[in-house]
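Chain by chain, the residues:
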Amino acid sequence: MSLLPLLRISTAGSVDDGKSTLIGRLLYDTKTVWDDHMEEVRKSKVNRASRGFDLSLLTDGLRAEREQGITIDVAYRYFSTPRRQFIVADTPGHEQYTRNMATGASTCDLAIILLDARKGVLEQSRRHARIAALLGVKRLVFTVNKMDLVDFSQEVFDEIQAQAGPLLAELDCGHVDFLPISALDGDNVVARSPRTPWYTGPSLLELLETAAPPALASALPFRFPVQLVIRPHLDFRGYAGQIVSGAIRPGETVLALPSGKRSRVKRIVTFDGDLDVAYAPMSVTLELEDELDIARGDLLALPATAPKTATRLTTTVIWMNEAPLDGRRGYLLQHGTRTVPVRLHGVAALNEIARVEVELAEALPYDSYRDNRSTGGFILIDTITNLTMGAGLIEGAASTGQSELQKFSDAPFTPAERRKLRAVMAHMQRFGVKFDTDDFNQGEGI
Amino acid sequence: MTYPALSHLRALEAESLHILRETAAQFRKPVLLYSIGKDSSVLVHLARKAFHPGRIPFPLLHIDTTYEYPEMIEFRDRFTREIGAELRVYTNGDAIAEGTNPYDLGTAKCCHQLRTRALVDALKAGGYDAALGGARRDEEKSRAKERVFSFRDKEGRWDPRNQRPELWSLYNGKVDPGESIRVFPLSNWTEMDVWRYIESEAIPIVSLYYAMPRQVLVRGATLIPMETNVKPLPGEVPQTVICRMRSLGCTPCSGAIRSEADTISKVIDELTAFKRSERENRVIDHDQEGSMELKKREGYF
Ligand SMILES: Nc1nc2c(ncn2[C@@H]2O[C@H](COP(=O)(O)OP(=O)(O)O)[C@@H](O)[C@H]2O)c(=O)[nH]1
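Computed from a predicted structure; not experimentally measured.

**Q** Please clarify how the overall build of chain A should be interpreted in this entry.
**A** Helix and strand counts for chain A stand at 12 helices and 20 strands. Taking all 446 residues of chain A together, the buried fraction comes to 55%. Pairs at least 24 residues apart make up 69% of the contacts formed inside chain A by residues separated by at least 6 positions. Summed over its atoms, the accessible surface of chain A is roughly 18800 Å², and 52% of this surface lies on carbon and sulfur atoms.

**Q** What am I meant to see in the packing of helix H2 (residues 38-51) of chain B against helix H7 (residues 191-201) of chain B here?
**A** When two helices pack together, their arrangement is captured by the angle between the axes and the distance separating the axes. All names here are of chain B. Following both chains from N to C, one finds H2 and H7 inclined at 55°, their axes separated by 10 Å at the closest point. Taken together, H2 and H7 sit at an angle that is classed as oblique. Of the two possible hands of crossing, H2 and H7 adopt the one that is left-handed. In contact with Lys38, Asp39, Val42, His45, Leu46 and Lys49 of H2, H7 contributes Glu191, Val194, Trp195, Tyr197, Ile198 and Glu201. Broken down by class, the residue content of the contact of H2 with H7 amounts to six nonpolar, one polar and five charged.

**Q** When you look at the sheet that holds strand E4 (residues 130-132) of chain B in this model, what are you seeing that I'm missing?
**A** One key point about sheets: their strands pair by backbone hydrogen bonds, in either a parallel or an antiparallel sense. Residues and elements named next belong to chain B. The strand order across the open sheet built from six strands is E3-E2-E1-E4-E6-E5, with neighbouring strands paired in mixed fashion. Edge positions in the sheet fall to strand E3 (87-90) and strand E5 (149-152), since each has one partner strand and no second. Strand after strand, the sheet turns through a mean of 30° between neighbouring axes, direction not considered. As judged from the four bridges shared by strand E2 (residues 60-63) and E3, these two strands associate in the parallel manner. The partner of Leu61 across the bridge, within E3, is Arg88. Relative to E5, helix H1 (residues 8-26) is tilted by about 40°, and along the sheet it contacts strand E1 (30-33), E4, E5 and strand E6 (180-183). Along the sheet, helix H6 (residues 107-126) contacts E1, E2, E3, E4 and E6; its crossing angle with E2, the most-contacted strand, is approximately 145°.

**Q** Would you take a moment to explain the sheet that holds strand E18 (residues 353-366) of chain A for this structure?
**A** All names here are of chain A. Within the closed barrel, the six strands sit side by side as E15-E18-E17-E16-E19-E20. Their pairing is antiparallel. The sheet shows a mean angle of 40° between the axes of neighbouring strands, direction not considered. Looking at chain direction, strand E16 (residues 331-335) and strand E19 (residues 377-382) are connected through four bridges and run antiparallel. Looking across to E19, one finds that Gln334 is bridged to Ile379.

**Q** Help me understand the pattern of salt bridges, please; the structure alone is not making it clear to me.
**A** When the charged atoms of two side chains lie near each other, side chains of opposite charge can form a pair. Under the defined criterion, the tally for this structure stands at 48 salt bridges over all chains. Ionic pairing is found between Asp262 of chain B and Lys266 of chain B, a salt bridge with its closest N-O pair at 2.9 Å. Its relative accessible area of 40% is what places Asp262 of chain B among the partly exposed residues. Overall, Lys266 of chain B belongs to the partly exposed group, its relative accessible area being 41%. One network of salt bridges, with partners in common, ties together Asp272 of chain A together with Arg10, Glu13, Lys49 and Glu201 of chain B.

**Q** So what exactly am I meant to see when it comes to the interface of chain B and chain A here?
**A** In many analyses, interface size is given as the accessible surface area lost on bringing the parts together. Of the residues lining the interface, 64 residues belong to chain B; the matching set on chain A comes to 85 residues. At the boundary of chain B with chain A, total buried surface from both sides reaches about 6200 Å², with 54% on carbon and sulfur atoms. One can count three salt bridges joining chain B with chain A. The tally of links from chain B across to chain A stands at 20 residue pairs in polar contact (both at pLDDT 80 or more). Where the side of chain B that touches chain A is concerned, the elements lending two or more residues are H1, H2, H7 and helix H9 (291-298) of chain B. With nine residues, H1 of chain B is the single largest residue contributor to the side of chain B that touches chain A. Its residues assigned to classes, the side of chain B that touches chain A comprises 22 nonpolar, 16 polar and 26 charged.

**Q** Got a minute to help me understand the packing of aromatic side chains in this structure?
**A** Working definition: an aromatic ring pair is given by the centre-to-centre distance plus the angle between the planes. Evaluation of the coordinates by the stated rule reveals 14 aromatic pairs over all chains. For the ring pair Phe157 of chain A and Trp198 of chain A, a centre distance of 5.3 Å and an interplane angle of 45° mean the geometry is tilted. On the criterion of sequence distance, the pair formed by Phe157 of chain A in helix H6 (residues 154-163) and Trp198 of chain A in the loop between strand E6 (175-180) and helix H8 (204-210) is long-range, its members being 41 residues apart. Classification of Phe157 of chain A as buried rests on a relative accessible area of 5%. Taken together, a centroid distance of 5.2 Å and an interplanar angle of 20° make the contact between Phe149 of chain B and Tyr171 of chain B stacked. With Phe149 of chain B in strand E5 and Tyr171 of chain B in the loop between E5 and E6, the pair connects residues that are 22 residues apart, well separated along the chain. We note that Phe149 of chain B, like Tyr171 of chain B, is buried. Grouping aromatic residues by their ring pairs yields a cluster made of Phe27, Phe149 and Tyr171 of chain B. Lying over the aromatic face of Tyr128 of chain B, Lys29 of chain B brings its terminal NZ or CZ to 5.2 Å of the ring centre. Positioned over the ring face of Tyr76 of chain A is Arg137 of chain B, at 4.0 Å from the centre of the ring.

Definitions and limits used
- Residues numbered from 1 in each chain as written.
- Chains lettered and ligands numbered in written order.
- Predicted model: local features only at pLDDT ≥ 70, side-chain atom pairs only at ≥ 80, totals over all residues.
- Heavy atoms only, no water.
- Helix = DSSP H or I, 4+ residues; strand = E, 2+ residues; numbered from the N terminus.
- Buried < 20%, exposed > 50% of the residue type's maximum accessible area, 1.4 Å probe, protein only.
- Contact = heavy atoms within 4.5 Å.
- Areas by Shrake-Rupley, 256 points an atom, 1.4 Å probe, with all protein chains shown as cover.
- Axes fitted to C-alpha atoms, helices over the stretch in contact; angles between N-to-C directions.
- Parallel < 35°, antiparallel > 145°, perpendicular 65-115°, else oblique.
- Left-handed = near helix turned anticlockwise from the far one by under 90°.
- Nonpolar A, V, L, I, M, F, W, Y, C, P; charged D, E, K, R; others polar.
- Pairing = 2+ DSSP bridges.
- Salt bridge = Lys/Arg side-chain N within 4 Å of Asp/Glu carboxyl O.
- Buried area = accessible area lost by both parts, 1.4 Å probe.
- Polar contact = N/O pair within 3.5 Å; in protein donor to acceptor, adjacent residues only side chain to side chain.
- Phe/Tyr/Trp six-rings, centres within 6.5 Å; stacked < 30°, edge-to-face > 60°.
- Lys NZ or Arg CZ within 6 Å of the ring centre and 35° of its normal.

This is the structure in structure tokens:
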């Protein structure tokens, strides 16, 4: 069997739903736990499990949280089976740490949302599902845990699934699954359980092993945030960075944004030799034909599929600090490798999700978060305390931003516009209108 | 055009290069903490790649406790010379002059003086605002919560309850004078990834990682090599055992394991069959429950 690419998972649930126990169970049953760690668990003075040993101790690492018995911060776990490698972002359920749930979800492909069979869908579960969907997680897996405490009742399971109906209808998420499990006993975690004969779906691990790989960023338009200029001697000037989406070849013309200067790629330089093509998520160094004044923070793109730039953005912000958003205060927006002073127009307090208009001190090339996770997301930093105050998802330019209009004539279309245009063109063709769509279909824009 | 997904190791490599470059770009004066171990070897190799065709734009700092294996020091000097890196060595000379040693003081206190204190002092003396380290999240439970850019206050302390949220691959490296960031480019690597990468890139590592006959004291499950002045307990007699190190540290603290693995591919095969963690043979981690976390709060890497 061919090895599927790494799957990044986040787990979320309310406190005590059994997240830590479930991850401990996954690690233990896939034999990822070292014997000496297991001995520590067996010897530990703490045991909150009703029978057997407390698998949650395998993941609840920090003293402070062991004492309180709650998970307080995102912890990353690594395990693999012969079929696949996994990274699990274990995110806390306690309400005050909802920000960490967004952190875990920001990089993951699939979210496991834990429900307690006795409690069903709680406000926290709804919130977590919404955050995962908001952050672009395409697959949600609802695991109804502690089925052993409700006699593995199909009625209870069906009722909870029905309860989740309205939530799912509201979420814009590709794929949803429901699984009855017992993290404590291991039912339907690694192997399918004889105690749920009415359940015919896969076990959780089977589902994770076979989940479709995340969409490849290399298929999106080329985006290259310049991290730094490498200039070892006067004859070489290279722009180092990670290709966050798309691909590039020597000879192609690139556009440096926001300045709009153009040049052609001369070489793609790496320690292991020059490349004929480089694509996301490779880290490379690009040498250009011309000596342009390009620096850290510039974004390289192809002219036909370049992002738009704006000085005012409509965004969704997740606020992550005790100090609420303050419209009079200056913040720094960090987007790719670019940091721009901003003013925020909106209201948000800790753990709130708010619509915020961002006024930028200089033009920013951007994509909407829906189109591109890397060039559509940003963080906000307090200029005085240096703390990360929140995270934002770009929707588009705010109506008052004019740069969009100025650039419209020669600006390429964003994927969203292209989808709309394609629909319009199909509609017109149905009415007999003919036009040349080759360029458009080849991705060159109209 | 569609392109294949990168292999797991190539994807990890690309992420680490991005983190190394962010460090060089965001900080005034970064330093790479070079411990001579296999993870450090990988980190230095990645740093060479990140800044190619330029040189690594920061020095390598080794905290020398003076209790390390002679092979390690030899390797350090040769390796850094060969790749043209700038090496700085720091030792807590005051503590050693006062007689700090693991045999009289105990390993926990010794480690606090010769590693933790030395590191915090060295970073302060050098005025470094970022320190790159080879720690991985899969190493130890408290490390699993560590950020890639991990904030340290003016005393070098880590506050696990008050970490900066870290989303996507956006790393906030903003600090005030005196504060610093510890950067962990290998956060998402596992021990197995490190070994496979060393194999595929043919990265040089200290010979101590390969099995050979050594004079050791057998103390419980731990093999303590005789290379330094380890004092036999009553009744203990040195024996010759074919063994190797799974992780490196000071001689009194890092035990050897029985092993015949004398090549990287044998080490990888052996690791696949292993049931015990790599830090187990580091005596210091076992002093008390949660001891790594305590040390980290104090500023240990
Ligand atoms: N009966 C039963 N108890 C469980 C199950 N899963 C977890 N628990 C218990 O529920 C409590 C909370 O579990 P924990 O994993 O710490 O929850 P977390 O706060 O979501 O990480 C502990 O006492 C667990 O032993 C299960 O499937 N069945």
